Amino acid sequence: MRKKLYLGFCALVLFTMQALAQTVTVTGKVTDDKGLPVEGATVSEKGSKSAAVTKADGTFSLAVKSSASTIKISAVGFEDQEVSSSSVSGIKLVTDTKSLSEVVVVGYGTKSKKDITSSIAKVTSKEFQNIPLNSIESALQGRASGVFMNQGSGKLGQSLLIRVRGISSISAAQQPFIVIDGVPVVSRPISSVGEADNPLATINPDDIESIEVLKDAAASAIYGSRASNGVLLITTKSGKAGKTKVSLGYFTGLSEPTKKQTFLNAAQYKELFGAAAVNEGYVAADEFKAETGTDDWNSTNDVNWADQAFQTGNINQATFSINGGDAKTKFLISASLNDQKGIIIGNRLQRVTGRINVDHVINTKFKVGMNLNLNRSMNFRVSADNEFSNPLQLNALPPVQPLLDASGQPNGATLYYNNLIDQVASKNTGVTYRTIGSTYGEWTITPNLIARSQVGIDWNNYQEETFNSKLTLDGAPTGRGYNNQVTSYIVTNSNTLNFKKKFGEDHDFDALGGMEYQYGNATSANVSGSGFPNDKFKKIAGAAIIENGSSTQTAYTFLSYFTRANYKFKNKYLVGASFRVDGSSRFGASKRYGAFPAVSAGWIMSEEGFLKNSKALSLLKIRSSYGKTGNAEIGNFSSLSLFGATAYASLSGILLNQIGIPDLSWESTNQFDIGLDFGFLNNRISGEVDYFSKKTNGLLLNVTTPATSGITTITKNIGDMENTGFEFVLNTINIQSKSFTWSTSINVSTYKNKVTRLTVPVAPGARTLGRLEVGQPFGQFYGRKYAGVDPANGDALYLQADGKATSAYSTAQDQILGDPNPDYYGGINNKFSYKGFDLDVQCQFVSGNDIYNIAGFFQSVNGDYFDNQTVDQMGYWKKAGDITNIPQPRLYAGNGAGKSSRWVQDGSYFRVKSVNFGYNMPRAWLTKLKFDNARIYVAASNLFTFTKYKGYDPEVNATYTGSLNLGHDFYTPPQARTITIGLNIGL
């Protein structure tokens with residue numbers, strides 16, 4: 001027995017020794033062509049499954065068979081390389097410039113940029129890191145061709161206007177569809193008080209890895225009914241295999257308005273209004289007292305009320321992240337704290353975020369992962385532009401009126417409401433709790449077939465609260481409070497099957513099929529009360545009277561099926577197609593489903609024999625696409641007749657609230673695109689040229705109906721619209737040496753918009769100028785044409801139908817006054833690096849758009865009423881023969897006060913959007929400090945603005961005027977100029 005055990009033991013030892021003798025360990029280091037270590041490169045034994053990943057310093061250790069002769073190394077951005085197993089000590093990879101192997105995120109997957117036949121703009125985190133962004137989508141401004149962005153105002157947390165290749169809707173959503181890590185998210189405001197908060201301002205921009213904009217139908221039709229306005233695919237950062245890395249960042253800075261307007265001082269005010277009163281037979285002091293109830297006309301006060309709306313803002317942000325893992329598990333954990341005080345008094349935004357992203361390989365067949373983002377933001381809000389409590393309306397107050405009353409409190413006896421009272425006697429906050437999360441599982445059925453299932457949720461809880469004491473305009477006479485809480489969530493389940501295979505040397509084929517189910521739900525409950533005992537009681541519980549209370553619930557569902565296929569022949573001929581069918585609960589029973597197909601093709605000409613060996617040409621690819629997308633972003637029940645409860649005395653009843661349109665259908669957009677991608681001199685010069693044509697049919701509009709029916713609007717399909725334009729992108733590496741590099745990126749986009757069919761006229765409002773007219777652009781300005789001043793008598797003049805000037809406003813002819821749509825827009829980016837220093841300068845420009853400054857009715861109207869005036873009004877007509885554009889001041893007479901082109905101005909501008917100057921500490925310092933990297937920097941945003949526009953800021957869009965009225969300005973705050981200093985450390 002002992003002999004048998006001994007022989008068995010010997011056999012086991014010999015077997016083990018033999019096995020060990022068959023395996024050896026090779027070690028080495030992988031660097032780039034500059035000698036810098038390459039982290040995350042895959043090192044594998046050719047013909048075997050044995051593989052390893054390089055560490056942060058580029059080193060690796062790999063167990064291979066003793067007979068192994070070839071080791072393969074691959075890394076994103078580099079050419080694959082094969083070396084002998086005996087020559088792995090120093091492996092230098094070559095940058096892959098010829099193949100353009102950059103990976104681009106597309107709908108439900110990724111593709112190599114070289115193989116893409118659609119139009120996609122990509123912005124990576126490297127382009128906006130260390131810049132204090134108010135929200136993630138603002139990172140695209142000036143950096144992505146075909147994407148027009150308008151910040152709207154300098155208010156913190158406010159929604160942005162984003163247009164991808166023009167406007168494709170009226171009453172339905174005009175913003176792009178936004179998907180974060182595969183999860184569709186709420187991007188439309190859900191607040192109800194004042195101007196809407198931007199839901200995306202709750203997300204930390206530092207968490208973003210890249211933003212892809214799907215612009216043409218071939219790229220976006222995979223999202224079907226919600227892709228007509230383009231699609232933003234936002235990918236967050238993920239863990240990387242290798243050494244666990246800790247990153248710390250902090251920056252702080254100060255902000256000021258990009259511009260302040262100059263208004264009349266006390267002496268100028270008395271001169272202008274004294275003349276205005278005399279010209280109409282009044283005594284200025286008497287009229288001023290009658291209007292204000294004060295004798296301030298005769299005071300020695302000289303108050304700059306306009307400056308009181310502003311304060312010095314500041315910003316502080318601290319970030320932390322840790323990421324790492326191995327070949328099986330990769331993770332990222334991050335957190336941030338952001339605190340901003342805006343440039344408008346009372347405006348402040350605080351944001352706290354946390355993120356966990358994990359990917360885990362269970363075995364060769366299964367992979368799972370999770371992305372989870374948690375955040376809380378609190379916005380101390382500013383009133384809407386058109387409210388008297390908006391701080392910028394302080395500029396209307398006369399400089400002769402004191403800032404404070406005799407008791408040292410804000411003066412309450414002013415011409416209009418002194419909204420400085422709100423700063424001490426009111427509260428207006430919006431608090432958001434938000435979770436965006438997803439979990440997925442992947443099953444590699446065969447090496448060529450992968451199944452993936454993902455469940456995602458976007459959960460929002462928004463709590464807004466206002467309190468106005470009895471001292472305020474909105475709270476008088478007993479105080480007023482309001483609370484509203486909205487909880488919304490979107491649950492999305494996506495299931496896909498992806499097949500990818502290469503047949504022989506010439507044929508590459510991949511296909512995707514899937515289905516998606518989405519359920520959205522939103523509930524709200526609000527209550528308001530009045531009659532508070534004193535200002536210490538700010539909650540509704542302290543109100544003597546509960547004035548109003550209500551609750552609502554709404555929901556919708558989408559059920560979708562989609563497929564996509566791509567074929568590549570000989571690495572140079574590309575064909576692609578996609579098809580999606582969406583079913584939505586929002587449309588009538590007979591129109592519930594919509595089909596959205598797209599096709600595309602490409603030819604990589606540089607792969608042809610007569611060009612392939614060209615030393616000058618790196619890439620030449622022509623591509624084209626055609627497809628159909630839709631827009632379903634309307635009310636959840638717009639197709640249905642709805643009834644609501646009502647009360648008469650103490651009896652309850654039912655009332656018709658909405659007339660249904662059973663055949664209400666989708667807005668659909670057919671888009672054609674043709675583009676050229678090029679690269680020269682190893683892509684030191686590269687770029688893109690695109691032409692597009694978008695035709696939208698079945699425009700949805702909330703049509704006004706006679707109120708006598710009890711219904712004021714009905715949603716209908718009322719017209720068609722067309723957008724066409726060109727996009728140009730040019731990237732150059734101007735200088736590249738060991739110590740100095742300089743690169744430039746320029747993009748320019750144009751578009752022309754035209755309404756091609758309209759069954760219902762859409763005319764301008766009482767003060768607005770925007771309208772819809774067949775053959776004309778969306779939101780075109782339309783009204784009376786201001787013709788200057790009659791030199792003989794100082795009368796304001798307007799144009800009649802015959803082209804002659806008249807002082808009778810009523811006989812003037814309505815005509816086209818301007819276009820709020822730009823002729824072209826874009827950005828210029830220059831990057832410089834010298835040894836450890838780097839400089840990034842981003843500029844943005846918009847040209848050819850007009851702006852209508854509605855506030856001119858009051859603040860630039862030659863003393864028609866007692867509102868303080870902009871200083872240019874001092875150039876008014878004084879005597880016969882004067883040549884001026886400012887009519888004679890006539891108190892109460894309306895001389896030049898009619899709605900007209902008088903306040904339509906050129907809104908073109910060129911802005912130095914961001915400047916970032918940094919220094920990367922040298923390796924010797926880092927070694928002593930035990931850091932992997934460290935960078936100190938100074939950054940500036942909105943540094944300079946060049947424009948002819950006379951208002952606060954040409955980047956303006958007063959939201960209260962509605963979606964039709966583009967380019968309207970009404971006491972809208974300017975952007976902030978922010979200077980920050982920061983430090984980033986990697987451990």
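Residues numbered from 1 in each chain as written. Predicted model: local features only at pLDDT ≥ 70, side-chain atom pairs only at ≥ 80, totals over all residues. Heavy atoms only, no water.

Q: What is the right way to look at the overall build of the chain in this model?
A: Tallying secondary structure elements over the chain gives eight helices and 50 strands in all. A compact globule built from 987 residues would reach a C-alpha radius of gyration of about 30 Å, and the chain, at 32 Å, matches this within 12%. Dimensions of the chain, computed from the C-alpha atoms along their principal axes, are close to 125 × 70 × 65 Å. Taking the contacts inside the chain whose residues are at least 6 apart along the sequence as the reference set, 69% of them involve residues at least 24 apart. Taken as a whole, the chain presents about 42,200 Å² of accessible surface, with 58% of it coming from carbon and sulfur. A distance of 10 Å separates the average location of the 95 positive side-chain charges in the chain from that of its 82 negative side-chain charges. (Helix = DSSP H or I, 4+ residues; strand = E, 2+ residues; numbered from the N terminus. Rg over C-alpha atoms; globule rule 2.2 N^0.38 Å. Contact = heavy atoms within 4.5 Å. Areas by Shrake-Rupley, 256 points an atom, 1.4 Å probe, with all protein chains shown as cover. Lys, Arg positive; Asp, Glu negative; His and termini not counted. Charge placed at Lys NZ, Arg CZ, Asp CG, Glu CD.)

Q: How should the packing of aromatic side chains be read in this particular structure?
A: Remark: the centre distance and the inter-plane angle together describe each pair of aromatic rings, the angle taken between the planes. Enumeration over the complete set of coordinates arrives at 40 aromatic pairs. Pairwise contacts between aromatic rings join Tyr269, Phe273, Tyr282, Phe288, Trp297, Phe388, Tyr416, Tyr865, Phe866 and Tyr892 into one cluster. The side chain of arginine 771 reaches across the aromatic face of tyrosine 782, ending 3.5 Å from its centre. Directly above the ring of tyrosine 809 sits arginine 784, whose terminal nitrogen or CZ lies 4.8 Å from the centroid. (Phe/Tyr/Trp six-rings, centres within 6.5 Å; stacked < 30°, edge-to-face > 60°. Lys NZ or Arg CZ within 6 Å of the ring centre and 35° of its normal.)

Q: Even after reading the chapter, I still don't get the confidence of the model for the chain, so can you show me in this structure?
A: Interpretation of this model should avoid reading the predicted coordinates in detail wherever pLDDT is low. Scored by pLDDT, the chain has a mean of 89; 95% of the residues are at 70 or more. A low-confidence stretch, residues 9-21 (pLDDT under 50), is modelled with one contact involving residues beyond four sequence positions or located in other chains. (pLDDT = per-residue confidence, 0-100.)

Q: Would you mind going over the pattern of salt bridges with me for this structure?
A: Side chains that carry opposite charge are capable of pairing whenever their charged atoms lie near each other. Considering all chains together, one arrives at 41 salt bridges under this definition. Among the ionic pairs, arginine 165 bridges to glutamate 727, the shortest N-O distance being 2.7 Å. Here arginine 165 is found in the loop between strand S12 (161-164) and strand S13 (177-180), whereas its partner glutamate 727 is found in strand S34 (residues 713-736), with 562 residues between them in sequence. Of the charged contacts, one joins aspartate 181 and arginine 355 as a salt bridge, the two residues approaching to 3.8 Å between their closest N and O atoms. Here arginine 355 lies in strand S20 (residues 348-361) and aspartate 181 lies in the loop between S13 and strand S14 (183-184), a separation of 174 residues in the sequence. Its relative accessible area of 15% is what places aspartate 181 among the buried residues. Take arginine 355: its relative accessible area is 5%, and that puts it in the buried class. Beyond isolated ion pairs, a larger network of salt bridges with shared partners links Arg165, Lys215, Lys621, Arg623, Asp673, Asp677, Asp690 and Glu727. (Salt bridge = Lys/Arg side-chain N within 4 Å of Asp/Glu carboxyl O. Buried < 20%, exposed > 50% of the residue type's maximum accessible area, 1.4 Å probe, protein only.)

Q: Can you help me understand the sheet that holds S13 in this one?
A: Sheets are built from strands paired through backbone hydrogen bonds, the pairs being either parallel or antiparallel. The sheet built from five strands is open, its strands ordered S10-S15-S16-S13-S14 with mixed pairing. Edge strands, defined here as strands with exactly one partner in the open sheet, are strand S10 (120-124) and S14. (Pairing = 2+ DSSP bridges.)

Q: Any chance you could explain the sheet that holds strand S46 (residues 904-906) here in plain terms?
A: Strand order in this open sheet of three strands is S46-S45-S49, and the pairing throughout is mixed. The strands lining the two open edges of the sheet, one partner per strand, are S46 and strand S49 (968-969). Where strand S45 (residues 850-853) lies against S49, two bridges are found, and the strand directions are parallel. The partner of asparagine 853 across the bridge, within S49, is aspartate 969.

Q: What is the right way to look at a nonpolar patch on the surface in this model?
A: Where nonpolar side chains cluster on the molecular surface, the patch consists of Tyr573, Val599, Trp603, Ile622, Tyr626, Phe672 and Ile674 and spans about 580 Å² of accessible area. Mapped onto the elements of the fold, isoleucine 674 is located in strand S32 (residues 667-680). Taking the relative accessible area as the measure of exposure, isoleucine 674 reaches 35% and is therefore partly exposed. (Patch = residues over 30% accessible without salt bridge, like charges linked within 9 Å, V, L, I, M, F, W, Y side chains within 5 Å.)

Q: In this structure, what is going on with the environment of glycine 783? I would like to understand it.
A: Mapped onto the elements, glycine 783 comes out in strand S38 (residues 780-784). Judged by its relative accessible area of 4%, glycine 783 is buried. C-alpha separation for the pair glycine 783 and arginine 355, spaced 428 residues apart in sequence, amounts to 52 Å.

Q: Would you explain helix H3 (residues 266-279) in this entry?
A: In an α-helix, one turn spans 3.6 residues, which is why side chains three or four residues apart end up on the same side. Along its 14 residues, H3 runs 20 Å from first to last C-alpha, staying within 8% of the 20 Å computed at 1.5 Å per residue. Residues of H3 that are buried: Ala266, Tyr269, Leu272, Phe273, Gly274, Ala275, Ala276 and Ala277. Where the residues of H3 are buried, they touch helix H4 (284-292). (Expected span 1.5 Å × (residues − 1).)

Q: What am I meant to see in the environment of glycine 529 here?
A: Following the sequence through the fold, glycine 529 ends up in strand S25 (residues 507-530). A relative accessible area of 0% means that glycine 529 is categorised as buried. Distance in space between the C-alpha atoms of glycine 529 and alanine 763 is 38 Å, their sequence separation being 234 residues. Contacts of glycine 529, omitting those with residues within four sequence positions, involve Gly479, Arg480, Gly481, Ile540, Ala543, Ile545, Ile546 and Glu547.

Q: I keep staring at the nonpolar core and nothing clicks. Help me out?
A: Note on soluble globular proteins: their nonpolar side chains tend to be buried together. Core analysis: the largest hydrophobic core is formed by 29 residues, its most contacted members being Leu392 and Tyr852. Formed by 25 residues, the second largest nonpolar core is a distinct cluster that contains Ala144, Ile180, Ile203 and Val213. (Core = buried A, V, L, I, M, F, W, Y, C linked by side-chain atoms within 4.5 Å.)

Q: What am I meant to see in the pairing of strand S47 (residues 909-920) here?
A: In regular strands, side chains alternate between the two faces of the sheet. In terms of strand pairing, strand S44 (residues 837-847) meets S47 through 10 bridges, oriented antiparallel. Within S47, the position partnered with aspartate 840 by the bridge is asparagine 916. As paired strands, S47 and strand S48 (residues 933-947) are joined by 11 bridges and run antiparallel to one another. Each residue of the ladder has a partner; that of valine 912, found in S48, is phenylalanine 944.

Q: How do you make sense of the side chain of serine 383 when you look at a structure like this?
A: Note that serine 383 resides in the loop between strand S21 (366-380) and helix H5 (422-425). For serine 383, a relative accessible area of 13% gives the class buried. Of the polar contacts made by the side chain of serine 383, one reaches the side chain of serine 389; its length is 2.8 Å. Setting aside chain neighbours within four positions, we find serine 383 in contact with Lys155, Ser389 and Asn390. (Polar contact = N/O pair within 3.5 Å; in protein donor to acceptor, adjacent residues only side chain to side chain.)

Q: Got a minute to help me understand the pairing of S32 in this structure?
A: Note that strand S29 (residues 617-631) and S32 share 14 bridges and pair antiparallel. Bridged to isoleucine 622 within S32 is leucine 676. Joining the antiparallel neighbours S32 and strand S33 (residues 685-704) is a turn of four residues, in which leucine 681 adopts a positive phi near 55 degrees.

Q: I would appreciate a short explanation of unusual backbone geometry in the present structure.
A: Excluding glycine, residues mostly carry a negative phi; peptide bonds, for their part, are mostly trans. Of note, the amide linkage connecting alanine 476 to proline 477 takes the cis form, showing an omega dihedral of 5 degrees. Secondary-structure assignment places proline 477 in the loop between strand S23 (449-468) and strand S24 (480-503). The phi torsion at lysine 570 lies on the positive side, around 55 degrees, for a residue other than glycine. Secondary-structure assignment places lysine 570 in the loop between strand S26 (545-569) and strand S27 (573-584). At lysine 930, a residue that is not glycine, the phi angle is positive and equals roughly 65 degrees. Counting through the fold element by element, lysine 930 comes out in the loop between helix H8 (923-929) and S48.

Q: Please explain H4 as it appears in this structure.
A: Listing the buried residues of H4 in full gives Ala284, Glu287, Phe288 and Thr292. Angular distribution of buried residues about the axis of H4 spans 115 degrees; they occupy a single face of the element. For H4, the exposed residues set more than 90 degrees away from the buried face come down to Asp286 and Ala290. Phi turns positive one or two residues past the end of H4, at glycine 293, with a value near 75 degrees. (Arc of directions from axis to C-beta.)

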